[in-house]
Amino acid sequence: MDREKIQDFVAQHMTSEGRPLEELKRSKGILKGQESLRLRQFCTSECMIPARDLDDYGRLLSIAKLELVQAENLRRVELLKQNKPASQEDSTLIQKEVAAEIYKMRWGLTEVPVFNLLGLFMLLCPDKRNAYMQIAKYLIDTVLVPVDAPDLSGTRALSHTISTKPALDLEYAQLLAAAGGDVNARNRYGTTVASEIVQLWKPQDWEVVNRATVASEWYLSHGGNIDIADGDGMTVRKMLQTLSRFSSTASIQKVVTKEEQRRKRLGDKCCSLCGRAEDSTTLARCTRCKSARYCVASMRECQKWDWPRHKKLCKAST
C-alpha cells in the first residue's frame with residue numbers, strides 16, 4: 001500500500017511536461033497536451049462513493065423524496081430570513097441566495113455538482129428515476145438553481161446526460177437544455193460532448209453505434225457544432241474524417257450531412273454556429289463582416305465559440 005501511495009504521489013507531481021495534478025485541479029481555463037491528459041486520467045479513474053462523498057444534503061437527495069427536498073429548501077429560506085433585517089427580507093432575493101448555495105455544492109473527488117449528481121443517481125437507481133426527475137424539475141423551476149455548474153473536468157450535466165458513456169437520457173437532457181444548458185459547452189480539455197459521442201468504445205456493437213447515432217442527432221438538432229476545436233486544435237469533424245474508413249461511423253456521418261444540408265438551406269436565417277433558426281432564437285450579425293449571424297450573447301456564446309474558425313473568413317464590411 002505504501003509503495004502504491006508513493007507511486008501515485010510521483011505520478012501526480014511529475015512536472016517535466018506541464019503542471020502537477022494538484023495545481024491543475026486549482027486552475028481554470030482550457031488545458032492541452034500532457035496537462036489535459038493528466039487531468040482526464042484522474043477524472044476518468046475516480047468514481048462517486050456515496051458513503052465517502054455525500055454530505056447531509058447529498059444524502060437527502062439520494063433518498064428520492066421530493067417532499068424532503070422541498071422542506072429543506074424552506075428551512076434554508078427561513079434560516080436566511082432570520083439572519084437578515086426586516087428591510088432585507090425580499091423572498092425572491094433570499095431564494096436566489098439558496099439557489100447560489102446549492103449551485104456551489106460539490107461532492108466527491110471529481111467535484112460533482114447537483115444536476116450531475118442527480119444524473120448519477122438515475123443511473124445507479126433506475127427504479128427511482130421519476131422521483132429524481134421531479135427533484136431536478138423542482139430545483140430548476142422553484143429553487144431556481146442554474147444547470148450549468150461544471151465538475152472538476154469542466155463537464156456540465158447536459159453533456160454527461162448525452163455522452164453515451166454511459167448515459168443517454170434524452171428526457172433529462174431536454175429538461176436541462178430547456179433550463180439553459182448549452183450543448184456546446186466546452187470542458188477543461190476544450191472538447192464538447194460530441195467528442196465523447198463519436199469515439200465508439202465498441203464499434204462492432206450495433207447497440208453502441210445506434211446510441212451514438214441517436215445522441216449525435218439530438219446534439220446537432222439542439223444546436224451542436226462539430227467544428228469547435230479542443231485545446232490541441234482537434235475538432236469532431238477531423239475525428240470523423242479520421243474514422244471514416246470504419247463503417248461504424250457511417251450512420252453518424254449521415255446525421256451530420258443531413259443537419260448541415262438543413263443549415264445550408266437556411267443560410268443567414270440561422271445561427272452560423274448552432275444552426276438555430278430565427279423562429280427559435282434571436283440573431284445578430286457579426287459587427288465586422290456583417291455577414292455571419294449568431295445567437296445574441298445574452299442567450300448563448302455562439303459567436304465566441306465560432307470565432308477561431310470565423311476569424312479566418314471574417315473581413316470588414318465596406
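From a predicted model like this one, the values you see are computed outputs, not experimental measurements.

Conventions and cut-offs
- Residues numbered from 1 in each chain as written.
- Predicted model: local features only at pLDDT ≥ 70, side-chain atom pairs only at ≥ 80, totals over all residues.
- Heavy atoms only, no water.
- Buried < 20%, exposed > 50% of the residue type's maximum accessible area, 1.4 Å probe, protein only.
- Helix = DSSP H or I, 4+ residues; strand = E, 2+ residues; numbered from the N terminus.
- Arc of directions from axis to C-beta.
- Axes fitted to C-alpha atoms, helices over the stretch in contact; angles between N-to-C directions.
- Parallel < 35°, antiparallel > 145°, perpendicular 65-115°, else oblique.
- Left-handed = near helix turned anticlockwise from the far one by under 90°.
- Contact = heavy atoms within 4.5 Å.
- Nonpolar A, V, L, I, M, F, W, Y, C, P; charged D, E, K, R; others polar.
- 1 Å grid on protein atoms, 1.4 Å probe; cavity = no way out; pocket = protein on both sides within 12 Å on 5 of 7 lines; lining within 4 Å.
- Points joined across faces, edges and corners; volume = space filled by probe spheres on them.
- Salt bridge = Lys/Arg side-chain N within 4 Å of Asp/Glu carboxyl O.
- Phe/Tyr/Trp six-rings, centres within 6.5 Å; stacked < 30°, edge-to-face > 60°.
- Core = buried A, V, L, I, M, F, W, Y, C linked by side-chain atoms within 4.5 Å.

*Asks:* Requested: an account of helix α14 (residues 236-243), with residues and values cited.
*Replies:* Every buried residue of α14 is listed here: V236, M239 and L240. Considered in projection along α14, the buried side chains sweep an arc of 100° and stay on one side of the axis.

*Asks:* Could you give an account of the packing of helix α8 (residues 114-124) against helix α9 (residues 129-141), naming the residues involved and the relevant values?
*Replies:* As a packed pair, α8 and α9 sit with axes 9 Å apart at the nearest point and diverge in direction by 170°. It follows from the interaxial angle that α8 and α9 lie roughly antiparallel. As α8 packs across α9, the resulting crossing turns out to be left-handed. Mapping the contact onto sequence places V114, F115, L118, F121 and M122 in α8 and R129, Y132, M133, I135, A136, L139 and I140 in α9. Looking at side-chain class alone, the contact of α8 with α9 contains eleven nonpolar, no polar and one charged residues.

*Asks:* I'd like a rundown of the layout of surface pockets, residues and numbers included.
*Replies:* Unfilled space is identified by rolling a water-sized probe across the atoms. Within this model, the largest pocket holds a volume of roughly 1000 Å³. Lining the largest pocket are 39 residues, and of these L120, H160, S163, K165 and P166 sit closest to its centre. Looking at the lining of the largest pocket, the elements with two or more residues in it are α3 (33-45), α8, α10 (157-162) and α12 (193-198). Of the volumes computed, that of the second largest pocket is approximately 490 Å³. Taken together, 24 residues make up the lining of the second largest pocket; nearest its centre are D148, G180, G181, D182 and A185. Counted by class, the lining of the second largest pocket contains 13 nonpolar, four polar and seven charged residues.

*Asks:* Could you give an account of the pattern of salt bridges, with specific residues and numbers?
*Replies:* Taken as a whole and assessed by the stated rule, the structure comprises 19 salt bridges. Among the salt bridges present, the one from R76 reaches E101, with a minimum N-O distance of 3.1 Å. Taken together, the residues R76 in helix α6 (residues 66-82) and E101 in helix α7 (residues 91-104) connect sequence positions 25 residues apart. Judged by its relative accessible area of 32%, E101 falls in the partly exposed class. With its nearest N and O atoms 3.1 Å apart, the salt bridge here joins R285 to D268. In this pair, R285 is assigned in strand β1 (residues 283-285) and D268 in the loop between α15 (250-266) and β1, connecting sequence segments 17 residues apart. You can call R285 partly exposed: its relative accessible area is 38%. Put simply, E72, R75, R76 and E101 are held in one network by salt bridges that share partners.

*Asks:* Can you tell me about the packing of aromatic side chains, naming the residues and giving the values?
*Replies:* Each pair of aromatic rings is reported with the distance of its centres and the angle of its planes. A complete count under the given rule lists one aromatic pair for this structure. On the numbers, 5.4 Å between centres and 35° between planes, the contact of F121 with Y132 is tilted. In this pair, F121 is assigned in helix α8 and Y132 in helix α9, connecting sequence segments eleven residues apart. Here F121 matches Y132 in class, with each residue buried.

*Asks:* How would you sum up the side chain of N116? Please name residues and give values.
*Replies:* Summarising the element assignment, N116 is placed in helix α8. A relative accessible area of 8% places N116 in the buried class. If sequence neighbours within four positions are ignored, N116 has contacts with A149, D151, T155, R156, A157 and H160.

*Asks:* Which residues make up the nonpolar core, and what are the values?
*Replies:* Judged by nonpolar contacts, the single largest core of 59 residues is most densely connected at Y57, I102, F115, L118, L139, Y172 and Y219. In terms of nonpolar packing, the next biggest core, distinct from the first, is built from 13 residues, C271, C286, A292 and W305 among them.

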